[in-house]
Amino acid sequence: MDDGHYFVQQEVGETARLTAFVPPQVGTRGGPERYKVAGLAILGRFDAGGPAYYLLSEGTKSGITRWRTDKDKERSKHFTIGSQGVWLRLELCGQQVTAFASDDGVAWRQVGSEVIAFPEAAHAGLLAAGAKKGVSVPVAFTHVELLHADAPLAALPQLRLRD
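Residues numbered from 1 in each chain as written. Predicted model: local features only at pLDDT ≥ 70, side-chain atom pairs only at ≥ 80, totals over all residues. Heavy atoms only, no water.

### Observations regarding the overall build of the chain
Thinking step 1. A count of helical and extended segments in the chain gives zero helices and 13 strands.
Thinking step 2. Among the 163 residues that make up the chain, the fraction classed as buried is 45%.
Thinking step 3. Of the contacts formed within the chain by residues at least 6 apart in sequence, a portion of 56% connects residues at least 24 apart.
Thinking step 4. When the accessible surface of the chain is split by element, carbon and sulfur atoms take 50% of a total near 8,200 Å². (Helix = DSSP H or I, 4+ residues; strand = E, 2+ residues; numbered from the N terminus. Buried < 20%, exposed > 50% of the residue type's maximum accessible area, 1.4 Å probe, protein only. Contact = heavy atoms within 4.5 Å. Areas by Shrake-Rupley, 256 points an atom, 1.4 Å probe, with all protein chains shown as cover.)

Here it is, written out as structure tokens:
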């Protein structure tokens, strides 16, 4: 991707729900083996200027929602997460994107919601970026599930992204 993130994705239509558990940070504080952000994204295009919505863990106690439309600059909002990792969920219904976070994958709290005009074929998936460019950083997402109108109800394989 043009913005330097790694993105594993699948094309979705106007309705989709993506859920995953993002593990807590490992390694030393600020070390090169730490990820900068890891989480979920829905993108309209694979460049830094298209419509997008991100729901990300910044590590141990902070999460962030970031979004942009085709014409607007990127905006963001922080939220608090637990130190044992975080469950994240993005739901797309038409032009409405709603973001949720959970400590246990059962009780969800809404952490963001925006109206964004995605193209007919948006892309939903897992995103990761390392703290240091060019250094391999593993992020072991688990419990990954992508549901959308064109797909059968089946969990995605567990993925390990490297930056």
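### Here we look at the packing of aromatic side chains
Thinking step 1. Enumeration over the complete set of coordinates arrives at two aromatic pairs.
Thinking step 2. Aromatic side chains Y53 and W67 sit 6.1 Å apart centroid to centroid with 15 degrees between the ring planes, which places their arrangement in the stacked category. Of this pair, Y53 sits in strand β4 (residues 52–57) while W67 sits in strand β5 (residues 62–68), and the two are 14 residues apart along the sequence.
Thinking step 3. On the basis of relative accessibility, which here comes to 0%, the residue Y53 falls in the buried class.
Thinking step 4. In this structure, R89 is placed above the aromatic ring of W108, and the distance from its NZ or CZ to the ring centre is 4.2 Å. (Phe/Tyr/Trp six-rings, centres within 6.5 Å; stacked < 30°, edge-to-face > 60°. Lys NZ or Arg CZ within 6 Å of the ring centre and 35° of its normal.)

### Remarks on the sheet that holds strand β2 (residues 15–22)
Thinking step 1. Pairing in this open sheet of five strands is antiparallel, and the strands run β9-β8-β7-β2-β12 from one edge to the other. Strand pairing shows two members of the sheet lacking a second neighbour, β9 (109–115) and β12 (142–148), which therefore form its edges. On average, each strand axis in the sheet is inclined to that of its neighbour by 10 degrees, with strand direction left out of account.
Thinking step 2. With five bridges joining them, β2 and β12 adopt antiparallel strand pairing. (Pairing = 2+ DSSP bridges. Axes fitted to C-alpha atoms, helices over the stretch in contact; angles between N-to-C directions.)

### Things to note about the pairing of β4
Thinking step 1. Judged by how many residues are buried, β4 sits mostly within the fold: six of six residues are covered.
Thinking step 2. Burial of the side chains of β4 extends over both faces: A52, Y54 and L56 are buried on one face and Y53, L55 and S57 on the other.
Thinking step 3. Here six bridges tie β4 to β5, and the two strands are oriented antiparallel to one another. Counted as the bridge partner of Y53 is W67 from β5.

### Brief notes about the pattern of salt bridges
Close approach of charged atoms lets side chains of opposite charge pair.
Thinking step 1. A full pass over the atoms with the stated rule returns three salt bridges.
Thinking step 2. Residues E74 and R66 are paired through a salt bridge, measuring 3.1 Å at the closest nitrogen-oxygen approach.
Thinking step 3. E74 sits in the partly exposed class, given a relative accessible area of 36%.
Thinking step 4. A single network of salt bridges, built from pairs that share partners, joins R66, R68 and E74. (Salt bridge = Lys/Arg side-chain N within 4 Å of Asp/Glu carboxyl O.)

### A word on unusual backbone geometry
Thinking step 1. Its identity is not glycine, yet H143 carries a phi of approximately 55 degrees, on the positive side.
Thinking step 2. In this structure, H143 sits in strand β12.
Thinking step 3. Overall, the relative accessible area of 47% leaves H143 in the partly exposed class.

### Focus on the environment of D103
Thinking step 1. Looking at the element boundaries, D103 is found in the loop between β8 (96–102) and β9.
Thinking step 2. In this structure, the C-alpha to C-alpha distance between D103 and L88, residues 15 residues apart in sequence, is 9.1 Å.
Thinking step 3. Sequence-distant contacts of D103, that is, excluding residues within four places in its chain, are made with G82 and W87.

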